[in-house]
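Listed here are the chains, written in short residue letters.
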Amino acid sequence: MTAQSAAVSASAATALRLNDAGLFRTMGYINGQWASAKSGETVDVINPATGEVLAQAPHMGAADTQSAIDAARDALPSWRAMLAEDRGRLLRKWAELQAQHIDDLCRILTAEQGKSLAQAKGEILSGIGHVEWMAEEGRRVYGDVIPTHNNSHRLITLKQPVGVCAMVTPWNFPSSMITRKCAPALAAGCTVVIKPSELTPLSAFALAELAERAGIPKGVINIVTGDAKAIGTAMMQSDVVRKLSFTGSTAVGKLLMKQAADTVKKVSLELGGNAPFIVFDDADIDKAVEAALLSKFRNAGQTCICANRIFVQDSVYDTFADKFTAAVKKMTVGNGLEGNPDIGPVIDMKGLQKVEAHVKDAQDKGGVITTGGQRHALGQTFFEPTVVKNATREMQCFREETFGPVAPLFRFKDEAEVIALANDTEYGLAAYFYARDMGRVWRVAEALEYGMVGVNSASIVAAQAPFGGWKQSGMGREGSKYGISDYLEVKLLAIGGL
Ligand code: ADP
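### A closer look at the pattern of salt bridges
Turning to step 1, where the next piece is worked out: One pass over the full model with this rule turns up 31 salt bridges.
Turning to step 2, where the next piece is worked out: Taking the shortest distance from any N to any O, the salt bridge between K181 and E478 comes out at 2.7 Å. Note that K181 is positioned in helix 6 (residues 176–188) and E478 in the loop between strand 21 (474–475) and helix 16 (480–483), a separation of 297 residues in sequence. Each of the two residues, K181 as well as E478, counts as buried.
Turning to step 3, where the next piece is worked out: Linking K323 and D286 is a salt bridge whose minimum nitrogen-to-oxygen distance equals 2.8 Å. Residue K323 is located in helix 11 (residues 314–329), and its partner D286 is located in helix 10 (residues 285–297); the two are separated by 37 residues in the primary sequence.
Turning to step 4, where the next piece is worked out: Judged by relative accessible area, K323 falls into the partly exposed class, the value being 36%.

Laid out in structure tokens, this is it:
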């Protein structure tokens, strides 16, 4: 670390009022050592609410990634040989330390990402839940004894860790995307090389610091950050890396999947979404408004399961629009570190410009803004929470994730029409609907082509529930009894000559 970057970090740690300044790490983590980029290059980490430089993180590349892969390879034999309950004990210790230091972890997360401290806490608690769940699930990795095909034989399956895993994670959940992937991998006996988003590496470094304090051996968790393309290519070209777990955009996911083909790696992908949120005429409208608000505006609209298209049935459209607009008008916007605002800034200028483009496109095509519609007076990358009435399928917001605080309201006539509209997308991550008729509830739940469907609920994430998408939203599942199997290989033992 240069003297200048050390000074930036020390002052940022002080400004963040951390109880434990040791959590404010600004270097990569390879083989149990804090590491600069071999090139010496760094990249600024910016607080999106203020534009301030929080730290300079290493801008690593292929050579650094290779060192991390070597460390993960060397750590693998003893980690996978450990009893599942012993790995579980270390994971639980890691979870306990996260809980103990949650206030500091929240401040670091909010500073680099922008969501409120309360939402940061929700994210970190969710990650802790996954670590706790998988710490136990590792002890339930059962094989089978299969009825034999030959009396002199016995057929048995073993499940064994896939080996070294590469993980590439996004900026919208800088902490839980890492814990959610690491927990099943480590519980299964895999070792990992993680590339967090270059926009939000500080939460990842803090998690590595706590993993070290928990006693997770060197080389089991490695973190490299910097040149995404160089790191990703080094990961995908490696014969040692047996699996990729990626969360991020569909474009990058497809690229990594293609790169993974050369060495036939296992691949788990959690890509974009374009979630429909459907309100039928028999719905409890007030509850639907409340849930749509939560689902649309959490993390300033920057989650892959955010309601992107809100469909409301004809006869309740105006009532819903009025109530929803009134609720959105009450939402507060601000710096997540101050006073628990509902909405923080959008992550960066690119994100803000996309939000603006979607609003303009909607207006050009007949959309009516009932509240918001422009950059917020706070400046930076803040955008007003926005509602667009009279949205249509010709608008960009029908096809693409807005990834910002904009709620388009589409009108529909009947069940068949809205199911066709909801499924008219290449994505299939999350969908939500509000209805009370039991027949309708079953019909619609079964017809939606999505990996997760919230029925009269926007709360679909839990450690024990499988998270993942259909179609171009990805493959594989995180969390639940299904999540650990993504990190396990099945081996048949056919034992003959009995
Ligand atoms: P978003 O548009 O939401 O930022 P990205 O897919 O660009 O989503 O980013 C998700 C993660 O993918 C980040 O860690 C980012 O650095 C990484 N990433 C971006 N481009 C590449 C690439 N060419 N190879 C590997 N990782 C990449």
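Picking up after the structure, the text goes on.
### Looking at a nonpolar patch on the surface
Turning to step 1, where the next piece is worked out: A contiguous nonpolar surface patch, about 310 Å² in accessible area, is contributed by L158, L493, I495 and L498.
Turning to step 2, where the next piece is worked out: By the secondary structure assignment, I495 is in strand 22 (residues 488–495).
Turning to step 3, where the next piece is worked out: Judged by relative accessible area, I495 falls into the partly exposed class, the value being 36%.

### Thoughts on the site of the ligand
Turning to step 1, where the next piece is worked out: Looking at the ligand, there are 17 residues lining it, with T169, W171, K195, E198 and S249 nearest.
Turning to step 2, where the next piece is worked out: Contact distances for the ligand include 2.7 Å between an oxygen atom and a backbone N or O atom of T169.
Turning to step 3, where the next piece is worked out: In the complex, the protein chains occlude 80% of the 550 Å² of accessible area that the ligand would expose alone.
Turning to step 4, where the next piece is worked out: The pocket occupied by the ligand, as judged from atoms lying within 2 Å of grid points, is the largest pocket.

### Here we look at the sheet that holds strand 5 (residues 144–146)
Turning to step 1, where the next piece is worked out: Read from one edge of the open sheet, 3 strands run 5-6-22, paired in antiparallel fashion. Each edge of the sheet is formed by a strand with only one pairing partner; in this case those strands are strand 5 and strand 22. If you compare each strand with its neighbour and ignore which way they point, the axes differ by 25° on average.

### Observations concerning helix 11
Turning to step 1, where the next piece is worked out: Compared with the 22 Å implied by 1.5 Å per residue over 16 residues, the 23 Å span of helix 11 between its first and last C-alpha is a close match.
Turning to step 2, where the next piece is worked out: Considering bend angle alone, the principal kink of helix 11 is centred on F320 and spans about 25°.
Turning to step 3, where the next piece is worked out: Those residues of helix 11 that sit buried are V316, Y317, F320, A321, F324, T325, A327 and V328.
Turning to step 4, where the next piece is worked out: The inward-facing, buried residues of helix 11 abut strand 12 (275–279), helix 10, strand 13 (307–313), strand 14 (368–371), strand 15 (386–391) and strand 16 (406–412).

### Let's talk about the sheet that holds strand 15
Turning to step 1, where the next piece is worked out: Across the sheet, 7 strands lie side by side as 14-15-16-13-12-18-19; this open sheet has mixed pairing. This sheet does not close on itself; its edge strands, each paired only once, are strand 14 and strand 19 (452–455). On average, each strand axis in the sheet is inclined to that of its neighbour by 25°, with strand direction left out of account.
Turning to step 2, where the next piece is worked out: Of the strand pairs in this sheet, strand 18 (residues 430–434) and strand 19 are connected by 4 bridges, and their pairing is parallel.

### Quick notes on the packing of helix 5 (residues 117–137) against helix 6
Turning to step 1, where the next piece is worked out: Contact pair helix 5 / helix 6: the axes reach a minimum separation of 8 Å and the direction vectors enclose 5°. Considered as vectors, helix 5 and helix 6 are oriented roughly parallel to each other. Residues E123, G127, H130, V131 and M134 of helix 5 form the contact with helix 6, whose participating residues are S176, T179, R180, A183, P184 and A187.
Turning to step 2, where the next piece is worked out: Residue composition of the contact of helix 5 with helix 6, grouped by class: 5 nonpolar, 4 polar and 2 charged.

### Quick look at the nonpolar core
In summary, soluble globular proteins display a tendency toward joint burial of nonpolar side chains.
Turning to step 1, where the next piece is worked out: The biggest cluster of nonpolar side chains holds 62 residues, and the ones touching the most others in it are F24, W94, V192 and I221.
Turning to step 2, where the next piece is worked out: When residues in this core are grouped by element, the largest group, 9 residues, is from helix 7 (residues 202–214).
Turning to step 3, where the next piece is worked out: A292, L293, A407 and Y434 belong to the second largest nonpolar core, which has 40 residues in total.

### Digging into the packing of helix 8 (residues 228–237) against helix 9 (residues 250–261)
Turning to step 1, where the next piece is worked out: Interhelical geometry of helix 8 versus helix 9 gives an angle of 35° and a closest axis separation of 8 Å. The handedness of the crossing between helix 8 and helix 9 is right-handed. Listed contacts from helix 9 to G232, T233 and M236 of helix 8 are L256, Q259 and A260.
Turning to step 2, where the next piece is worked out: Among the residues forming the contact of helix 8 with helix 9, the class breakdown is 3 nonpolar, 3 polar and no charged.

### Overview of the pairing of strand 10 (residues 241–247)
Consecutive side chains along a regular strand alternate between the two faces of the sheet.
Turning to step 1, where the next piece is worked out: The buried count for strand 10 comes to 6 of 7 residues, which makes it a mostly enclosed element.
Turning to step 2, where the next piece is worked out: Looking at chain direction, strand 7 (residues 164–168) and strand 10 are connected through 5 bridges and run parallel. Bridged to C165 within strand 10 is K243.
Turning to step 3, where the next piece is worked out: Bridging between strand 10 and strand 11 (residues 266–270) involves 5 bridges; their strand directions are parallel. From the neighbouring strand, S245 faces strand 11, where its bridge partner is S268.
Turning to step 4, where the next piece is worked out: Once you follow strand 10 into helix 9 and on to strand 11, the crossover reads as right-handed.

### Structural notes on the environment of N151
Turning to step 1, where the next piece is worked out: Secondary-structure assignment places N151 in the loop between strand 5 and strand 6 (154–161).
Turning to step 2, where the next piece is worked out: Taking relative accessible area as the criterion, N151 reaches 71% and is therefore assigned exposed.

### A look at the confidence of the model for the protein
Turning to step 1, where the next piece is worked out: Per-residue pLDDT for the protein has a mean of 96; in total, 98% of the residues score no lower than 70.
Turning to step 2, where the next piece is worked out: Averaged pLDDT values for the elements of the protein fall to 64 in helix 1 (residues 3–15) and rise to 99 in strand 8 (residues 191–195).

### Quick look at the side chain of Q113
Turning to step 1, where the next piece is worked out: Residue placement: Q113 occurs in helix 4 (residues 102–113).
Turning to step 2, where the next piece is worked out: Reaching out from Q113, the side chain makes a polar contact with the backbone nitrogen of K115 at a distance of 3.0 Å.
Turning to step 3, where the next piece is worked out: Beyond its immediate stretch of four places on either side in the chain, Q113 contacts P48, W171, N172, P174, T200, N299, Q302 and I347.

### Some remarks on empty space enclosed by the protein
Turning to step 1, where the next piece is worked out: Taken as a whole, this structure holds 5 cavities of 30 Å³ or more when the rule is applied.
Turning to step 2, where the next piece is worked out: Within this model, the largest cavity holds a volume of roughly 80 Å³.
Turning to step 3, where the next piece is worked out: The wall of the largest cavity is formed by 17 residues, among which S268, G476, R477, E478 and D486 lie closest to the centre.
Turning to step 4, where the next piece is worked out: When contributions to the lining of the largest cavity are tallied by element, the ones reaching two or more residues are helix 6, strand 10 and strand 11.
Turning to step 5, where the next piece is worked out: Among the residues making up the lining of the largest cavity, the classes are represented as 6 nonpolar, 6 polar and 5 charged.
Turning to step 6, where the next piece is worked out: Each pocket or cavity is described by its volume, and for the second largest cavity that value is around 50 Å³.

Cut-offs used in this document
Residues numbered from 1 in each chain as written. Predicted model: local features only at pLDDT ≥ 70, side-chain atom pairs only at ≥ 80, totals over all residues. Heavy atoms only, no water. Salt bridge = Lys/Arg side-chain N within 4 Å of Asp/Glu carboxyl O. Helix = DSSP H or I, 4+ residues; strand = E, 2+ residues; numbered from the N terminus. Buried < 20%, exposed > 50% of the residue type's maximum accessible area, 1.4 Å probe, protein only. Patch = residues over 30% accessible without salt bridge, like charges linked within 9 Å, V, L, I, M, F, W, Y side chains within 5 Å. Areas by Shrake-Rupley, 256 points an atom, 1.4 Å probe, with all protein chains shown as cover. Near = heavy atom within 4 Å. Polar contact = N/O pair within 3.5 Å; in protein donor to acceptor, adjacent residues only side chain to side chain. 1 Å grid on protein atoms, 1.4 Å probe; cavity = no way out; pocket = protein on both sides within 12 Å on 5 of 7 lines; lining within 4 Å. Sits in = over half its atoms within 2 Å of the grid points. Pairing = 2+ DSSP bridges. Axes fitted to C-alpha atoms, helices over the stretch in contact; angles between N-to-C directions. Expected span 1.5 Å × (residues − 1). Bend = angle between axes of the 7 residues up to and from the residue. Contact = heavy atoms within 4.5 Å. Parallel < 35°, antiparallel > 145°, perpendicular 65-115°, else oblique. Nonpolar A, V, L, I, M, F, W, Y, C, P; charged D, E, K, R; others polar. Core = buried A, V, L, I, M, F, W, Y, C linked by side-chain atoms within 4.5 Å. Left-handed = near helix turned anticlockwise from the far one by under 90°. Right-handed = clockwise from strand over helix to strand, strands pointing away. pLDDT = per-residue confidence, 0-100. Points joined across faces, edges and corners; volume = space filled by probe spheres on them.

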